[in-house]
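A look at the structure
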Amino acid sequence: SAVSKATGYYVYMASPSDSGYVKKATVAATSAQITGLTADTSYWFYVQAYNGSSVSEQSIHINAMTKQAVANPVQGKESLGFATYYYVGDKSSYNSMVANKDSLDSIATHTYITDGSGNLSGIVPTEQINYANSNNMLSLAMISNNFDGAITKALLESQTNRQNLINNTIKELQAYGYKGVAVDLEGVYYTNRAQLTAFIQELNTALDAKGYLLYVAVPAKTSDSATNSWSGAYDYAELGKVADRIVLMTYDEHYPGGTPGPVASINWVSNVINYAVSIIPKEKVMMGLAAYGYDWSSAGTKAYSINAVNSLAAANNAAIQWD
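Note that the coordinates shown come from a computational prediction; the quantities given were computed from them, not determined experimentally.

Notes on the overall build of the protein
- Within the protein, the regular secondary structure consists of eight helices and 15 strands.
- Principal-axis analysis of the C-alpha atoms places the extent of the protein at approximately 90 × 40 × 35 Å.
- Relative to its full complement of 323 residues, the protein shows a buried share of 41%.
- Put simply, of all contacts in the protein between residues at least 6 apart along the chain, 69% involve residues at least 24 apart.

Observations regarding the pattern of salt bridges
- Under the definition given, this model contains nine salt bridges.
- When salt bridges with common partners are traced through the structure, they connect R193, K221, D224 and D235 into a single cluster.

Looking at the nonpolar core
- Counting 42 residues, the largest nonpolar core has F199, I200, L207, V218, I246 and L248 as its most contacted members.
- In terms of residues, this core owes the most to one element, helix α5 (residues 193–209), which gives six residues.
- When sequence neighbours within four positions are dropped, the list of residues in contact with I200 reads V183, L214, V216, L239 and V242.
- Membership of the second largest hydrophobic core comes to 14 residues, among which are V70, A108, L140 and Y215.

A look at the pairing of strand β11 (residues 213–219)
- In terms of burial, β11 is largely enclosed, as seven of its seven residues are buried.
- Going residue by residue along β11, you find L213, Y215, A217 and P219 tucked away on one face and L214, V216 and V218 tucked away on the opposite face as well.
- The pairing of strand β10 (residues 180–184) with β11 spans four bridges and is classified as parallel. Bridge pairing in β11 places G180 opposite L213.
- For the segment spanning β10, α5 and β11, crossover handedness is right-handed.
- Two elements, β11 and strand β12 (residues 245–249), share five bridges in a ladder whose sense is parallel.

What to know about the pairing of β10
- Of all five residues that make up β10, five are buried, and the element is covered over most of its length.
- Side chains G180, A182 and D184 project from β10 onto one buried face, and the interleaved V181 and V183 project onto a second face that is buried too.
- Pairing between strand β9 (residues 138–144) and β10: five bridges, direction parallel. What sits directly across from S144, in β10, is D184.

Quick look at the packing of aromatic side chains
- This structure, assessed with the given rule, holds eight aromatic pairs.
- Ring centres of Y21 and Y46 lie 4.7 Å apart, and the angle between their planes is 65°; this geometry places the pair in the edge-to-face category. In this pair, Y21 is assigned in the loop between β1 (8–14) and β2 (22–27) and Y46 in strand β3 (residues 42–51), connecting sequence segments 25 residues apart.
- Y21 sits in the buried class, given a relative accessible area of 19%.
- Joined through ring pairs, the aromatic side chains of Y12, Y21 and Y46 make up one cluster.
- Directly above the aromatic system of Y10 lies the positively charged group of K23, at a separation of 3.8 Å from the ring centroid.
- Above the ring of Y236, the side-chain terminus of K221 is found at 4.7 Å from the ring centroid.

Considerations on the packing of helix α3 (residues 149–156) against helix α4 (residues 159–176)
- Two elements in contact, α3 and α4, have axes whose closest approach is 6 Å; the angle formed by their N-to-C orientations is 100°. Classified by the interaxial angle, the pair formed by α3 and α4 is roughly perpendicular. Between α3 and α4, the contacting residues are A154, L155 and L156 on the first element and N161, R162 and L165 on the second.
- Of the residues that constitute the contact of α3 with α4, the class distribution is four nonpolar, one polar and one charged.

Side note on the packing of helix α1 (residues 92–99) against helix α2 (residues 126–134)
- Taken N-terminus to C-terminus, the directions of α1 and α2 make an angle of 15°; their axes are 9 Å apart at the nearest point. In this view, α1 runs roughly parallel relative to α2, as classed from their interaxial angle. When the axes of α1 and α2 are compared, the crossing they make is left-handed. Counted together, S93, Y94, M97 and V98 of α1 and E127, Q128, Y131 and A132 of α2 form the full contact between these two elements.

Topic: α3
- G149, I151, T152, L155 and L156 are the residues of α3 that are buried. Projected down its long axis, α3 carries its buried residues within an arc of 155°, all on one side.
- In this structure, the buried residues of α3 make contact with β7 (106–114), α4 and α5.
- A distance of 2.9 Å separates the backbone nitrogen of A150 from a side-chain oxygen at the start of α3, and that oxygen is part of D148.

Considering the environment of Y294
- You can see Y294 is positioned in strand β14 (residues 292–295).
- Look at Y294 and you get buried, because its relative accessible area is 19%.
- Along the primary structure Y294 and V309 are separated by 15 residues, whereas in three dimensions their C-alpha atoms are 8.4 Å apart.
- Not counting residues within four places of it along the chain, the set of residues in contact with Y294 comprises D252, H254, Y255, P256, V263, T301, K302 and A303.
- For Y294, the side chain forms a polar contact with the side chain of D252, separated by 3.0 Å.

What counts and how
Residues numbered from 1 in each chain as written. Predicted model: local features only at pLDDT ≥ 70, side-chain atom pairs only at ≥ 80, totals over all residues. Heavy atoms only, no water. Helix = DSSP H or I, 4+ residues; strand = E, 2+ residues; numbered from the N terminus. Buried < 20%, exposed > 50% of the residue type's maximum accessible area, 1.4 Å probe, protein only. Contact = heavy atoms within 4.5 Å. Salt bridge = Lys/Arg side-chain N within 4 Å of Asp/Glu carboxyl O. Core = buried A, V, L, I, M, F, W, Y, C linked by side-chain atoms within 4.5 Å. Pairing = 2+ DSSP bridges. Right-handed = clockwise from strand over helix to strand, strands pointing away. Phe/Tyr/Trp six-rings, centres within 6.5 Å; stacked < 30°, edge-to-face > 60°. Lys NZ or Arg CZ within 6 Å of the ring centre and 35° of its normal. Axes fitted to C-alpha atoms, helices over the stretch in contact; angles between N-to-C directions. Parallel < 35°, antiparallel > 145°, perpendicular 65-115°, else oblique. Nonpolar A, V, L, I, M, F, W, Y, C, P; charged D, E, K, R; others polar. Left-handed = near helix turned anticlockwise from the far one by under 90°. Arc of directions from axis to C-beta. Polar contact = N/O pair within 3.5 Å; in protein donor to acceptor, adjacent residues only side chain to side chain.

Given below as structure tokens:
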């Protein structure tokens, strides 16, 4: 609370007992942020007001406990697979998970679509989730927006809508046994940069409180332009502070509607990664791999899986020039 005629306030902190205090902050306002604390630790505080050479008596002493840290059980390099479930009974991704279980540390099920009000829809792949949870894989619920910037505009610009999505997300995690969330909001308008950051911060706070993990997918870039139509909304520095993992979408260097070229040339990918780790703690950064290719044609551009690319080359007696 404010003190009449005070110029400012000294904030003192001690840990773990109510003694040995050290001044941690001097502020003019009635709030202070103290960072670098240890998780699951008891801290004591008191405040003194000052004005010129006069200092008030100590306030009451209060005790606060920091939250337990949300630890990612995957240490070192991590292999994350994106799993699809297009219809009830779809076994494609499940069969792939089983066949490659020793190579996978985590999965993100491409399940949930949000609308502008924060309501979720999607078919839940319980078989995939249960298999992951039983085989030492992290199971993450992926939330996307159908690449629709208008959806995220309505969502992000409303505190009520953002909170609705957070509440609905936690309900789904609890209902189906997920270990965390993979946020994949794409095509976000650059004008919603601040709101996207605020939402991720709010979501992280809610997930942390319940022991869930947060992964955030971001477009690839080699510099930060806050007005870039595709990547401007994504503040690497701020998102990297709160997310457990930042998943770089290091693909579509060239894309349908643009000029022909590689989906992800090695030099471009390297440049994207080098920029990302200069902004984000490197242990949080994941590199996305594109398992597809494009066939550019005057009749339109078509996407092919890796197997289909090889078959297309063989059917046209074309030699694969680089592997």
